[in-house]
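Spelled out, the chains give:
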Amino acid sequence: MSEGPRARVLVHSSADLNAATNAAFDFLEHDFSGQRVWVKPNLIGPFPPGRGATTDPELVRRMVGSLRARGAAEVWVADNPGGWLRGSVETYLAPTGIVEASDGCFRNIAETPVTLPVRSRFIKEVRVSRILHEADVVINVPVLKTHALTLLSGAVKNLFGVIPGQLKAEMHTAVRNSTEFAELLVDLFQALPANILHVMDAQRGMDGQNGPTGGRTLAIGRLLASRNAVALDSVMALLCGIEPARVPFLRIAGERGLGPVRRADIDITGDITPVPGFRLPSPLLAGALTGIIARAYPLARSEPLLARERCIRCGRCANGCPAGAIVLDPWPRIDDRRCINCYCCAEVCPRHALVVPGPVRGFIHRLTGW
Ligand code: SF4
Ligand code: SF4
């Protein structure tokens, strides 16, 4: 997974997706001829392409075309959306545009997962999609966006999607807070095979407290590529205006030697001028602070709050809650004694009706119930 101390990252700035895709593949210097390639976009849920929550279908279309032109024997496009899935994954994910853009390559990978051993103080193994072992090479295609629990999403976080649907949410019950979750994320990353390349969709992204699905959509106009996920995510952090080592999962990955997190240790080709006005989630809630301030964490942390005017009472949040903390009564009601603040419910809500409060709003809610 690591390619040594001088990992390379491409930051391609162009609206021409054909040129950007080919630049990324050329940069990765991988011979796809005769290979079975799994293109793994971010398909967290049925969000429309312009939202910035899921990978751009037009990018996936270009990637499929380019991989075929480069002689790939088979191309598969697949991901595990969050939460319980009822019915066909193709129908569920059709709004993302990726099923159509995959040009016959889309696969359902939720069935018959296999066991992957994990060296971790939290878990011993995890169930992952079988395709991970069937592919000769994986192209991980995350989106540049924020994440209320991990501060930023990106390449390392997108690989959490090798775990089918609700099993992902259940992983949250193994940890107590966002810092431990960051450690678990790195444990899982470390357990994955090494045949993974990374192309980050930063044409459009998402910022703000309610990423990875309910934040603000941003036009960024870049495509990133690297053979090293940690280096790639570190460059993403620089684009978002934060030192990579302040992002808990990157700090942990850097300490374990999985890739460089210091700008000086990465060979960057392209423009890394930070995205103007990029808004990060609260570093307090995401475990990015230490010392006395970090001890305020339990006081500031609150369960998501319901914006009732947006809720359609579909029940997806309740079905997807790994702690069984939500009942529909008739609106979703969260039992704060059971809630583990994993924010899976906010992620899967199709209407962004569950809002992750910032520390001040969270503190007020804990104090007054409002
Ligand atoms: S909060 Fe969202 S997921 Fe939950 S019932 Fe309302 S619309 Fe559905
Ligand atoms: S109610 Fe709490 S425990 Fe359940 S999904 Fe939402 S944040 Fe996680």
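Refer to the preceding data block for the structure.
The shown structure was predicted, so the numbers you read here are calculated from the model rather than taken from an experiment. (Residues numbered from 1 in each chain as written. Chains lettered and ligands numbered in written order. Predicted model: local features only at pLDDT ≥ 70, side-chain atom pairs only at ≥ 80, totals over all residues. Heavy atoms only, no water.)

Enquirer: Lay out unusual backbone geometry in plain terms, naming residues and giving numbers.
Expert: The amide bond that connects Gly211 to the next residue, Pro212, takes the cis arrangement and shows omega of 15 degrees. Looking at the element boundaries, Pro212 is found in the loop between β9 (196-207) and β10 (216-226). Geometrically, the link from Asp329 to Pro330 is a cis peptide bond, its omega value of -10 degrees lying close to zero. As for its position among the elements, Pro330 is in the loop between β13 (326-328) and β14 (332-334). We note that Arg313 has phi near 55 degrees; this positive angle belongs to a residue other than glycine. Position of Arg313 relative to the elements: it lies in the loop between β12 (305-306) and α13 (316-320). On the accessibility criterion, Arg313 (43% relative accessible area) is partly exposed. A positive phi angle, near 50 degrees, is found at His352, a position not held by glycine. Within the element layout of this structure, His352 appears in the loop between α14 (344-348) and β15 (354-355). (Helix = DSSP H or I, 4+ residues; strand = E, 2+ residues; numbered from the N terminus. Buried < 20%, exposed > 50% of the residue type's maximum accessible area, 1.4 Å probe, protein only.)

Enquirer: Please set out the site of ligand 2 residue by residue, giving values where relevant.
Expert: Lining the immediate environment of ligand 2, one finds Pro304, Cys321, Pro322, Ala323, Ile326, Ile334, Cys339, Ile340, Asn341, Cys342, Tyr343 and Cys345. Across the shell around ligand 2, the residue classes tally to 11 nonpolar, one polar and no charged. (Near = heavy atom within 4 Å. Nonpolar A, V, L, I, M, F, W, Y, C, P; charged D, E, K, R; others polar.)

Enquirer: So what's going on with the side chain of Asn42? Which residues, and what values?
Expert: Position of Asn42 relative to the elements: it lies in the loop between β2 (36-41) and α2 (57-69). Separated by 3.1 Å, the side chain of Asn42 and the backbone nitrogen of Ile44 make a polar contact. Setting aside chain neighbours within four positions, we find Asn42 in contact with Ala53, Thr54, Thr55, Asp79, Val141, Val143, Lys145 and Asn158. (Polar contact = N/O pair within 3.5 Å; in protein donor to acceptor, adjacent residues only side chain to side chain. Contact = heavy atoms within 4.5 Å.)

Enquirer: Go over the pattern of salt bridges with me, naming the residues and quoting the values.
Expert: Under the defined criterion, the tally for this structure stands at 19 salt bridges. Two residues, Arg8 and Glu29, come together in a salt bridge whose shortest N-O distance is 4.0 Å. Residue Arg8 is found in strand β1 (residues 7-13), and its partner Glu29 is found in the loop between α1 (17-28) and β2; the two are separated by 21 residues along the sequence. Under the relative-accessibility criterion, Arg8 is labelled partly exposed at 27%. For Glu29, a relative accessible area of 61% puts it in the exposed group. With its nearest N and O atoms 2.7 Å apart, the salt bridge here joins Asp79 to Lys40. Taken together, the positions of Asp79 in the loop between β3 (74-77) and α3 (89-93) and Lys40 in strand β2 put the pair 39 residues apart, joining distant regions of the chain. Connected through salt bridges with shared partners, the residues Glu58, Arg61, Arg62 and Glu100 form a single ionic network. (Salt bridge = Lys/Arg side-chain N within 4 Å of Asp/Glu carboxyl O.)

Enquirer: Give a detailed account of the packing of helix α8 (residues 178-191) against helix α10 (residues 248-255), specifying residues and quantitative values.
Expert: Packing of α8 against α10 leaves a shortest axis separation of 8 Å and a crossing angle of 50 degrees. In terms of axis orientation, α8 runs oblique to α10. The chirality of how α8 crosses α10 is right-handed. Where α8 abuts α10, its residues Thr179, Ala182, Glu183, Leu185 and Val186 lie against Pro248, Phe249, Arg251, Ile252 and Ala253. Residues that form the contact of α8 with α10 fall into these classes: seven nonpolar, one polar and two charged. (Axes fitted to C-alpha atoms, helices over the stretch in contact; angles between N-to-C directions. Parallel < 35°, antiparallel > 145°, perpendicular 65-115°, else oblique. Left-handed = near helix turned anticlockwise from the far one by under 90°.)

In short, shape yes, function no, at least from these values alone.
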